[in-house]
Protein chains: 2
Amino acid sequence: MRLTSKGRYAVMALVDLARFDGINPVSLRDISLRQGISLDYLEQIFSKLRKKEIVQSVRGTQGGYVLNRKAKEIKLTNIFDAVDEKVKTVQCKKDSKKGCNGKSTKCLTHNLWDELETHINNFFDKKSLDDLVKENFERRL
Amino acid sequence: MRLTSKGRYAVMALVDLARFDGINPVSLRDISLRQGISLDYLEQIFSKLRKKEIVQSVRGTQGGYVLNRKAKEIKLTNIFDAVDEKVKTVQCKKDSKKGCNGKSTKCLTHNLWDELETHINNFFDKKSLDDLVKENFERRL
DNA sequence: TATAAACCTGACCAAAATAGTCAAGTATCA
DNA sequence: TGATACTTGACTATTTTGGTCAGGTTTATA
């Protein structure tokens, strides 16, 4: 099981951006340089974040992106959801015609994976962007 | 983030096997048929489980596999570990020469991923094979 | 002791997902 | 009217996954 870069990058970029929340837009170029993430890739990611109304774009010179909601109200769940980073434990859910592995019944461990998903999602539901910014800020003192 | 089949199959197969714990060896052929997992793939998986002393093989006719420890003492962590299913959230750890993304410092979200790993591993540490067998048995009543 | 059942090993491979790059725009501020 | 920055979509190399295939070896039992 692994977390993909897309999800990680999205969170990193948003933490970077959140530090300037309310001050001025942050350009992707700056984020790219500071976080070491390819600009082109960031654009793909921010396009999705914008569609899900997590950020707002500001065009033109001195433009960039700003948060569309308070950092406290942006949960990691929202971010992962926006960039299609999902916690997938079983395929069975995809085509509900079949059970698991083509059987008509649930596989022996079906409930387990459900539990695990819930467990992980709980973690993401609790954490807000604001939490991350604060943690990071405290660490620097 | 997704869980790979290898980890899932390993757990499914072991739950299947654990139901006959102490009675007689279970052949991979039987598990393959019951769980709908390719025999060849099961062999790969059980080879790893045996090396980590989670199961023991019984050769010859009527042979198969048996648990090498009590089901209660086999945690999911052990199983995942055996089949190289790891919870990987950050790459940074791999080459400790660099920080994250080639920076000399930890990335803004490094602690977050560490926390997440711990959170997930806690879940796996608590669950034993025995728990799963019981849950499954109760569900059938 | 022959043979079939079952384990064991390693090489190989196709498909999917990932992690981007590249190109060609459009909008807007200064 | 540039320069800056967002916007979009197509494309691609690499890696991982999820197996298959071939050719063994070992051992119980008839």
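Notes on the structure in this doc start here.

Criteria and cut-off values
- Residues numbered from 1 in each chain as written.
- Chains lettered and ligands numbered in written order.
- Predicted model: local features only at pLDDT ≥ 70, side-chain atom pairs only at ≥ 80, totals over all residues.
- Heavy atoms only, no water.
- Salt bridge = Lys/Arg side-chain N within 4 Å of Asp/Glu carboxyl O.
- Buried < 20%, exposed > 50% of the residue type's maximum accessible area, 1.4 Å probe, protein only.
- Near = heavy atom within 4 Å.
- Helix = DSSP H or I, 4+ residues; strand = E, 2+ residues; numbered from the N terminus.
- Nonpolar A, V, L, I, M, F, W, Y, C, P; charged D, E, K, R; others polar.
- Contact = heavy atoms within 4.5 Å.
- Polar contact = N/O pair within 3.5 Å; in protein donor to acceptor, adjacent residues only side chain to side chain.
- Least-squares fit on C-alpha atoms with pLDDT ≥ 70 in both.
- Axes fitted to C-alpha atoms, helices over the stretch in contact; angles between N-to-C directions.
- Parallel < 35°, antiparallel > 145°, perpendicular 65-115°, else oblique.
- Left-handed = near helix turned anticlockwise from the far one by under 90°.
- Pairing = 2+ DSSP bridges.
- Core = buried A, V, L, I, M, F, W, Y, C linked by side-chain atoms within 4.5 Å.

**Here we look at the pattern of salt bridges**
Residue and element names in this part refer to chain A.
- Scanning all chains against the criterion turns up 13 salt bridges over all chains.
- Between Asp16 and Arg19 there is a salt bridge, and its shortest N-O distance comes to 3.7 Å.
- For Asp16, a relative accessible area of 0% gives the class buried.
- Of the residues examined, Arg19 reaches a relative accessible area of 33% and is grouped as partly exposed.
- When the shortest N-O distance is used, the salt bridge between Lys127 and Glu135 registers 2.6 Å.
- A relative accessible area of 26% places Glu135 in the partly exposed class.
- When salt bridges with common partners are traced through the structure, they connect Asp16, Arg19 and Arg34 into a single cluster.

**So, the protein's contact with DNA strand C**
- Of all residues adjacent to DNA strand C, which total 25 residues, the nearest are A:Tyr9, A:Ser38, A:Gln44, B:Gly64 and B:Tyr65.
- Mapped onto the surface near DNA strand C, the elements with two or more residues apiece are α1 (5-18) and α3 (39-51) of chain A together with α3 (39-51) and β2 (64-67) of chain B.
- Sorting elements by how many residues they give to the surface near DNA strand C places α3(B) first, with four residues.
- Residues of the surface near DNA strand C, tallied by class, amount to four nonpolar, 14 polar and seven charged.

**Some words on the interface of chain B and chain A**
- Of the residues lining the interface, 44 residues belong to chain B; the matching set on chain A comes to 44 residues.
- There are two salt bridges connecting chain B and chain A.
- In this structure, the salt-bridge partner of B:Lys127 is A:Glu115, at a minimum N-O distance of 3.3 Å.
- Where chain B packs against chain A, one counts three residue pairs in polar contact (both at pLDDT 80 or more).
- Counting residues per element, the side of chain B that touches chain A draws most heavily on helix α5 (residues 110-126) of chain B, which supplies nine residues.

**Topic: the relation of the copies chain B and chain A**
- You can overlay chain B on chain A at an RMSD of 0.1 Å; the transform is a turn of 180 degrees with a shift of 0.0 Å along its axis. Both copies of the chain, as the preceding transformation shows, are related through a two-fold rotation axis.
- Interface overlap between copies is the fraction of interface residues in one copy that are interface residues in the other; for chain B against chain A it reaches 100%, indicating a shared surface.

**Quick word on the packing of helix α2 (residues 28-35) of chain A against α3(A)**
Residues and elements named next belong to chain A.
- It is the contact of α2 with α3, at a shortest axis distance of 9 Å, that shows an interaxial angle of 120 degrees. In terms of orientation, α2 lies oblique with respect to α3. For α2 against α3, the interelement crossing comes out right-handed. Contact residues: α2 offers Leu28, Arg29, Ile31 and Ser32, while α3 offers Leu39, Leu42, Glu43 and Phe46.
- Residues that form the contact of α2 with α3 fall into these classes: five nonpolar, one polar and two charged.

**A short note on the pairing of strand β1 (residues 55-58) of chain A**
Residues and elements named next belong to chain A.
- Note: β1 against strand β2 (residues 64-67), four bridges, orientation antiparallel. Looking at the pairing, Ser57 lines up with Tyr65 of β2.
- In textbook terms, the turn of a hairpin is the stretch between consecutive antiparallel strands, and for β1 and β2 this stretch comprises five residues, one of which, Gly60, has a positive phi near 85 degrees.

**Here's the deal with the nonpolar core**
- In terms of nonpolar packing, the biggest core is built from 86 residues, with A:Phe46, A:Leu49, B:Phe46 and B:Leu49 touching the most fellow members.
- Discounting residues that sit within four places of it in the chain, B:Phe46 has contacts with B:Ala13, B:Leu17, B:Leu28, B:Ile31, B:Val55 and B:Tyr65.

**Some details on the protein's contact with DNA strand D**
- Near DNA strand D lie 26 residues; those nearest to it are A:Glu43, A:Tyr65, B:Tyr9, B:Ser38 and B:Gln44.
- At the protein interface, 65% of the atoms of DNA strand D within 4 Å belong to sugar or phosphate.
- With respect to DNA strand D, the side chain of A:Arg50 contributes an N or O atom lying 3.3 Å from a phosphate oxygen.
- Here a phosphate oxygen of DNA strand D sits 2.9 Å away from a polar atom, N or O, in the main chain of B:Ser5.
- Those elements that provide at least two residues to the surface near DNA strand D are α3, β1 and β2 of chain A together with α1 (5-18) and α3 of chain B.
- When grouped by side-chain class, the residues that make up the surface near DNA strand D number five nonpolar, 14 polar and seven charged.

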